[in-house]
Amino acid sequence: MRRTCEVAIVGSGFAGSLLARVLAVLGYDVLLLERGTHPRLAIGESTTPLANLSLERLAVRYGLPDCHRLATHGRWLAHLPELRRGLKRGFTFYRHHPGERFAERGLDSERLLVAASPDDALSDTHWLRADVDHHFVREAEAAGVEYLDRTELTAADFGGATARLRGHRDGVALDVEAGFVIDASGPGGFLARQLAIPSGLERTHTRAALVYGHFDDVRLMRDEVPSLPAGPYPQDWAAVHHLIDEGWMYSLRFDHGTTSAGFLLTPHGLASLGGATEAEPSRLWRVLLERYPTIGRLFDDARPMMPIGSVPRVQHRLTRATGTRWVLMPHAFAFVDPLVSTGIAWGVRAVERLALAFEDAVDGTRRPDVDTLERYDAALCAEGDQIDLVVAGAYEALAHFDLFAAQAMLYFATVSYAETSQRIGDAEGAAWKGFLGVGDEALGPAPRESFARLREITRGAGLSGTTHERAAFAEWIAATIAPRNVAGLADPMRHNMYPVDLDVLVERHALLGMSRERLLAALPALRGLGPEPTFVERPWRMRAEAPT
Ligand SMILES: Cc1cc2nc3c(=O)[nH]c(=O)nc-3n(C[C@H](O)[C@H](O)[C@H](O)COP(=O)(O)OP(=O)(O)OC[C@H]3O[C@@H](n4cnc5c(N)ncnc54)[C@H](O)[C@@H]3O)c2cc1C
């Protein structure tokens, strides 16, 4: 089997298949190569406003109506109900302690709720990746991408005027000649091995093992601790985080009843679990549910939909993201931790960036230029570091819930400011804007300093610090985020419960460099209530085919 193409994309998760489709729309000849088959199980399911903003921009720019519909729960249900998803109204955190039931202390409970949307219709979603990734592959094929699944690639050669990929499919040798190669094959990916790209994992402070599964019949916290005061949204319809001494657990509920759940465990936490290791995931799962009675109750009647899986260390990181004729998608380059759901947003942002790079090359070299690739490489390196610092700080802050709640404000201030300014700013600028505050003079340096301050408080040994130290840290966070705090965060009067508060936003219009009147005029767009965009399907291909 021989194939010649302009762009070969290795890996057909949402990142590979969405980019393949956009490039086909731009008029490129694209080959999408997948080792497995769809539908297939994948974890990494919870989206964020920034991920959905990227999807909306891609939808409008390249004429992809389904991407616009997948960007809110309401539109998704109305147009694509056959694709399974979950309602994600925000980020919910509970702190549990070994051997104790979750302590209901009214407004002083160890609970943090941060809304990401004002109502269900505009809500973010959890993607059932089996359905969503399959959808993106089908759409890529419909746009003209040639898709080859069950394809095992064994060699890559970038020495000539074109790239050569070799492998086999169903026992038949495959030889691909491509102008450019995009690696979207995820952790330990294809080019990392073929090009022996050195690991940069020593840069990553976060260390965690994973034990995970999909379950039916997981109970709701609402039913287990019914007396908790109501929050700004239904607390279970969120990315639910159960914080524990050994790390934390995510729990993402899909609308059809299945829950995706997993424990992220620090090396110290794992070591403290009485000999249970990630090599025996079912036993480790049981030990953790027994240790934390309220989490245990939630899973009392739960039925695993798959054998419980494990990964000894989820973090990975390479030293380079680009080279001559090749580029890595973020998940092939680095992964830190699911704590603040950065993966999908980072991946879709990269689709936008690379799409723009190929757009610029449509009438020229038909591949991204060297400067753009260097820019992309620098962005991914800096953003990988930034995600790590935010998350490593949060792990350090597990020592005390007050520290954790304060550290979390750094993340929420950064993303709420980015979301608001992107909704009112220009699309092209948004794609290349630094992720998680990279390049922002107020917030850019904050995660590194915050991590250092937290390590001082915890002495790097999990100590919870004094009341004074914790209060001083919370004050420092509040002062640090103040120039970007458009969401009214870090406010003790809120008792760790933050709705989407447009009054605060209007009041703080100056932080966005806008007059009150201009901000009021922009409110419908900020609330996602603008008119449905018009989608010009395949504008680029038509342009490329139009007589000059
Ligand atoms: C425990 C955990 C929880 C997470 N939770 C979240 C979350 O809540 N929110 C969030 O935003 N992100 C989350 N993430 C991150 C998220 O999983 C990734 O960002 C996302 O999966 C990246 O998608 P992708 O399409 O780039 O790659 P992948 O989903 O990794 O897809 C890669 C594809 O490439 C194929 N492939 C692999 N090797 C080859 C090869 N050699 N040849 C051909 N094909 C190949 C694979 O079969 C697969 O189909 C989580 C990650 C983990 C580990």
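Everything that follows concerns the structure shown earlier in this document.
Residues numbered from 1 in each chain as written. Predicted model: local features only at pLDDT ≥ 70, side-chain atom pairs only at ≥ 80, totals over all residues. Heavy atoms only, no water.

Another aspect to go through is the overall build of the protein chain. A tally of helices and strands in the protein chain yields 20 helices and 21 strands. The globule rule puts the C-alpha radius of gyration for 548 residues at 24 Å, and the 23 Å found for the protein chain is close to it. Along the three orthogonal principal directions, the C-alpha set of the protein chain runs to about 70 × 60 × 45 Å. Burial analysis of the protein chain (548 residues in total) assigns 58% to the buried set. For the protein chain, the exposed area adds up to about 21,300 Å²; of that, 52% sits on carbon and sulfur atoms. The centroid of the 59 positive side-chain charges in the protein chain is displaced by 2 Å from the centroid of its 71 negative side-chain charges. (Helix = DSSP H or I, 4+ residues; strand = E, 2+ residues; numbered from the N terminus. Rg over C-alpha atoms; globule rule 2.2 N^0.38 Å. Buried < 20%, exposed > 50% of the residue type's maximum accessible area, 1.4 Å probe, protein only. Areas by Shrake-Rupley, 256 points an atom, 1.4 Å probe, with all protein chains shown as cover. Lys, Arg positive; Asp, Glu negative; His and termini not counted. Charge placed at Lys NZ, Arg CZ, Asp CG, Glu CD.)

Scanning the model with the defined rule gives 17 aromatic pairs in all. Here the aromatic rings of Y28 and F358 are separated by 5.1 Å at their centres, their planes lie at 80 degrees, and the arrangement is edge-to-face. Here F358 lies in helix 12 (residues 343-360) and Y28 lies in the loop between helix 1 (14-25) and strand 2 (30-33), a separation of 330 residues in the sequence. Exposure class is identical for Y28 and F358. Each is buried. A connected cluster of aromatic rings, assembled from ring pairs, spans F91, F93, F404, Y411 and F412. The positively charged end of K88 is found above the aromatic ring belonging to F91, 3.9 Å away from the centroid. Lying over the aromatic face of W237, R253 brings its terminal NZ or CZ to 5.9 Å of the ring centre. (Phe/Tyr/Trp six-rings, centres within 6.5 Å; stacked < 30°, edge-to-face > 60°. Lys NZ or Arg CZ within 6 Å of the ring centre and 35° of its normal.)

So, about helix 19 (residues 516-526). When we look at burial in helix 19, the residues that qualify are L519, A522, L523 and L526. Down the axis, helix 19 shows its buried residues gathered within 145 degrees of arc, on one side only. Seen from the buried face of helix 19, the exposed residues on the opposite side, beyond 90 degrees, are E517 and A521. In this structure, the buried residues of helix 19 make contact with helix 14 (401-424) and helix 18 (502-507). Phi turns positive one or two residues past the end of helix 19, at G528, with a value near 70 degrees. (Arc of directions from axis to C-beta. Contact = heavy atoms within 4.5 Å.)

This brings us to the site of the ligand. Residues in close proximity to the ligand total 28 residues, the closest being E34, R40, S46, R129 and I344. Between the ligand and the protein, one listed contact pairs an oxygen atom with a backbone N or O atom of A15 at 3.1 Å. Considered on its own, the ligand offers 1,000 Å² of accessible surface; in the complex 91% of this is hidden by protein. Elements represented by at least two residues in the shell around the ligand include exactly helix 1 and helix 12. Here the residues of the shell around the ligand are counted per class, giving 12 nonpolar, 11 polar and five charged. (Near = heavy atom within 4 Å. Polar contact = N/O pair within 3.5 Å; in protein donor to acceptor, adjacent residues only side chain to side chain. Nonpolar A, V, L, I, M, F, W, Y, C, P; charged D, E, K, R; others polar.)

Attention shifts here to unusual backbone geometry. For the peptide bond that leads from H38 to P39, omega is -5 degrees, which places it in the cis range. Examined against the element boundaries, P39 turns out to sit in the loop between strand 2 and helix 2 (49-62). The backbone of R150 sits at a positive phi, close to 50 degrees, despite the residue not being glycine. Looking at where R150 falls in the secondary structure, it is placed in the loop between strand 7 (146-148) and strand 8 (151-157). Taking the relative accessible area as the measure of exposure, R150 reaches 36% and is therefore partly exposed. In this structure, D170 is a non-glycine residue whose phi angle is positive, near 50 degrees. With respect to the helices, strands and loops of the structure, D170 is situated in the loop between strand 9 (163-169) and strand 10 (172-183).

Looking now at the nonpolar core. Counting 138 residues, the largest nonpolar core has I9, L23, L165, I182 and M329 as its most contacted members. Counting residues per element, this core draws most heavily on helix 14, at 12 residues. If sequence neighbours within four positions are ignored, I9 has contacts with G16, L19, A20, L23, V30, L31, L32, L33, I182 and A184. Ranked by size, the runner-up nonpolar core spans 33 residues in total, among them M221, Y233, L270 and F299. (Core = buried A, V, L, I, M, F, W, Y, C linked by side-chain atoms within 4.5 Å.)

Turning next to the side chain of R89. Here R89 shows up in the loop between strand 3 (85-88) and strand 4 (90-95). The exposure class of R89 is buried, given its relative accessible area of 5%. Sequence-distant contacts of R89, defined by excluding residues within four places in its chain, comprise A115, A116, S117, P118, D119, D120, S123, P232, Y233, P234, W237 and A238.

On to the pattern of salt bridges, then. A side chain of one charge can pair with a side chain of the opposite charge when the charged atoms of the two come close. Per the counting criterion, the structure on display carries 39 salt bridges. Notably, a salt bridge pairs D120 with R89, separated by 3.0 Å at the nearest N-O pair. In this pair, D120 sits in the loop between strand 5 (111-115) and strand 6 (124-127) while R89 sits in the loop between strand 3 and strand 4, placing the two residues 31 residues apart along the sequence. By relative accessible area, which is 38% here, D120 ends up partly exposed. Where salt bridges share partners, they join R101, R219, E224, R297, D300 and D301 into one cluster. (Salt bridge = Lys/Arg side-chain N within 4 Å of Asp/Glu carboxyl O.)

Another aspect to go through is the packing of helix 13 (residues 370-396) against helix 14. Relative to each other, helix 13 and helix 14 sit at 165 degrees, their axes nearing to 9 Å. Compared by their axis directions, helix 13 and helix 14 come out roughly antiparallel. Crossing geometry of helix 13 relative to helix 14 is assigned as left-handed. The segment helix 13 lies against helix 14, with L389, V390, G393 and A394 engaging F404, Q407 and Y411. Looking at the contact of helix 13 with helix 14, its residues break down into five nonpolar, two polar and no charged. (Axes fitted to C-alpha atoms, helices over the stretch in contact; angles between N-to-C directions. Parallel < 35°, antiparallel > 145°, perpendicular 65-115°, else oblique. Left-handed = near helix turned anticlockwise from the far one by under 90°.)

On to the environment of R129. Inspection of the secondary structure puts R129 in helix 5 (residues 129-142). Residues R129 and L83, spaced 46 residues apart in sequence, show a C-alpha to C-alpha distance of 9.3 Å. From its side chain, R129 meets the backbone oxygen of I43 in a polar contact 3.2 Å long.

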